[in-house]
Amino acid sequence: ALRPGARTEPAVNIGTIGHVDHGKTTLTAAVTQVLAARGGGAFVPFDRLDRTPEERIRGITVHPGLVEYATDTRRYTHVDLPGHADHTRTTAAGLCGLDGAILVVSAADGVMPQTAEHVLLARQAGVAHVVVALNKAETCEDDDAVRVEQSVRRLLTAQGYEGGSAPVVQVSAVGALAGRPRWTAAVDALLDAVETYVPPPARAVAAPLLLPVVRVLTVTGRGTVVTGAVERGTVRVGDPVHLVGADGGPRACTVTGLQSFGRPLERAAAGDRVALLLRGVPREAVRRGHVVAAPGTLTPGRDFAARVRLLSGREGGRTAPVRTGFRPQFHLRTADLTGGVDLGAPALARPGTTVAMTVRLGRPAPLEAGLGFAVREGGRTIGAGTVTEVL
Ligand code: GDP
Ligand code: MG
């Protein structure tokens, strides 16, 4: 149970991102411990966040661990996203619907490849605000932390965030978990920074329902369950909905159950993280990247025009030029789709430049002008784009 004073409007949705081993999961556990001491939710220990058998074996976060907590003024949902490069697709999908992100950077190690990649993915996913936690601060000198802070600020600015004014807080997740006052105070300072820097977002509750699917599971004897954050609109138990994005066109189904963090709900609205039980659709027909929508409100498309910034080799992008006919992966909302690129003339573009292109996706997806996406190839992010026109 959360603190009684917690508000009843939708929670602010945040998440931890950053390079593997920089301390995202430990910091998430520390945040829940500091707030639990004040009655702001339950302490979730590290092992419960890093929870699937594969994760326990490899010691890395594969399944986004989801927790909720409350401060004096707000409710939060917090998703602890994986940092390892092998799981970047999961991270990209998990960023969809976040109002803000806590970028965890080890002050001992500095900016690493997935630090930069996650900032780019957050930007393309529309995450409006990034707060920086310089973790493992108990292990290094102030000068080193300041140097890392400067490089993180440059990185944020390069990706279109306000790197100069973003809050940067030195923390020690391990120190806070051990109850050391200096470091529990640092976690408080981090939460204060989130509170002041990430404004409560406007929620499009009156729009038709749109929920990008993050996970699909089967509940034995009950049916197919999809999870994700409601992007727009509202949904109630009993509502007819369409599942959009599969090959054969939209599929009609009915919402027969609705829950959030294990609590049954009658209704959920934009900003809420939910699990929907769907009748009328088999598990195999649903995938991450599909969307649940109000019937008849979305026409999925395959063709769009876009502007894409091709990362330079130094930024982790390609070294060879991109040509018409190139078929990378496009990460749009929670979807990960192959698409063919047409550059027009000249039919070649160099890394480090921004180009106009048209794209034909391998499968239909809900498209709209202004939608951001990331372009990936062979497990690396090589470009950042925006849909300029649906064709
Ligand atoms: P993640 O991959 O970013 O989720 O990182 P983890 O939370 O799994 O932490 C990776 C390693 O860093 C673990 O061995 C942690 O105990 C250690 N670690 C996390 N936070 C701190 C910290 O504040 N100080 C120190 N010294 N080690 C930390
Ligand atoms: Mg982790």
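Residues numbered from 1 in each chain as written. Chains lettered and ligands numbered in written order. Predicted model: local features only at pLDDT ≥ 70, side-chain atom pairs only at ≥ 80, totals over all residues. Heavy atoms only, no water.

By the naming in an unreviewed UniProt entry, the protein is Elongation factor Tu, taken from Streptomyces clavuligerus.

Colleague: So what exactly am I meant to see when it comes to the site of ligand 1 here?
Modeller: By nearness alone, 16 residues border ligand 1, and D21, K24, T25, T26 and E138 come closest of all. A distance of 2.9 Å separates an oxygen atom of ligand 1 from a polar side-chain atom of T25. At a separation of 3.3 Å, an oxygen atom of ligand 1 approaches a polar backbone atom of V174. Relative to its free-state accessible area of 580 Å², ligand 1 is covered by the protein chains to the extent of 77%. (Near = heavy atom within 4 Å. Polar contact = N/O pair within 3.5 Å; in protein donor to acceptor, adjacent residues only side chain to side chain. Areas by Shrake-Rupley, 256 points an atom, 1.4 Å probe, with all protein chains shown as cover.)

Colleague: For this particular structure, what's the right way to read the environment of T358?
Modeller: With respect to the helices, strands and loops of the structure, T358 is situated in strand β22 (residues 354–365). The exposure class assigned to T358 is partly exposed, which follows from its relative accessible area of 31%. Each C-alpha atom of the pair T358 and D336 lies 17 Å from the other, and the pair is 22 residues apart in sequence. Leaving out residues up to four positions away in the same chain, T358 has contacts with F304, A305, G340, V341, D342 and L391. (Helix = DSSP H or I, 4+ residues; strand = E, 2+ residues; numbered from the N terminus. Buried < 20%, exposed > 50% of the residue type's maximum accessible area, 1.4 Å probe, protein only. Contact = heavy atoms within 4.5 Å.)

Colleague: Looking at this model, I keep getting lost on the packing of helix α1 (residues 24–36) against helix α8 (residues 181–197). Mind explaining?
Modeller: If you want to describe how two helices pack, look at the angle between their axes and the distance between the axes. Taken N-terminus to C-terminus, the directions of α1 and α8 make an angle of 95 degrees; their axes are 10 Å apart at the nearest point. Judged by the angle between their axes, α1 and α8 are roughly perpendicular. In contact with L27, A30, V31, V34 and L35 of α1, α8 contributes T184, V187, D188, L190 and L191. Partitioning the contact of α1 with α8 into residue classes produces eight nonpolar, one polar and one charged. (Axes fitted to C-alpha atoms, helices over the stretch in contact; angles between N-to-C directions. Parallel < 35°, antiparallel > 145°, perpendicular 65-115°, else oblique. Nonpolar A, V, L, I, M, F, W, Y, C, P; charged D, E, K, R; others polar.)

Colleague: Which parts of the structure should I look at to understand unusual backbone geometry?
Modeller: Only a minority of non-glycine residues have a phi that is not negative, and only a minority of peptide bonds are not trans. Here A345 and P346 are connected by a cis peptide whose omega angle stands at -5 degrees. Along the chain, P346 falls in the loop between β20 (335–342) and β21 (348–349). One non-glycine residue, D21, lies in the positive phi region at around 75 degrees. Within the secondary structure, D21 sits in the loop between β1 (12–17) and α1. Although it is not a glycine, R333 sits at a positive phi angle of roughly 50 degrees. When you line up the elements, R333 lands in the loop between β19 (329–332) and β20.

Colleague: Quick question: what am I supposed to make of the packing of aromatic side chains here?
Modeller: Each aromatic ring pair is specified by the distance between its two centres and by the angle formed by the two planes. One pass over the full model with this rule turns up four aromatic pairs. Geometrically, the ring pair formed by F304 and F373 is edge-to-face, given 5.5 Å between the ring centres and 70 degrees between the ring planes. Here the residue F304 occupies a position in strand β17 (residues 301–310), and F373 occupies one in strand β23 (residues 372–377), the gap between them amounting to 69 residues. For F373, a relative accessible area of 0% corresponds to the buried category. Cation over ring: R123 sits above Y161, and NZ or CZ is 4.8 Å from the ring centre. (Phe/Tyr/Trp six-rings, centres within 6.5 Å; stacked < 30°, edge-to-face > 60°. Lys NZ or Arg CZ within 6 Å of the ring centre and 35° of its normal.)

Colleague: Just to check I follow, could you spell out the sheet that holds β20 for this structure?
Modeller: The strands making up a sheet associate through backbone hydrogen bonding, with each pair oriented either parallel or antiparallel. Ordered in space as β17-β22-β20-β19-β23-β24, the six strands form a closed barrel in which the pairing is antiparallel. If you compare each strand with its neighbour and ignore which way they point, the axes differ by 45 degrees on average. Sheet analysis places β17 next to β22, joined by eight bridges and oriented antiparallel. Paired with A305 across the two strands is T358, which belongs to β22. (Pairing = 2+ DSSP bridges.)

Colleague: Where do I start with the sheet that holds strand β2 (residues 65–70) in this structure?
Modeller: Here we have six strands laid out as an open sheet, ordered β2-β3-β1-β4-β5-β6, and mixed in their pairing. Either end of the sheet is taken by a strand with one partner, and the two such strands are β2 and β6 (168–170). Each neighbouring strand pair of the sheet contributes to a mean axis angle of 25 degrees, computed without reference to strand direction. With six bridges joining them, β2 and strand β3 (residues 75–80) adopt antiparallel strand pairing.

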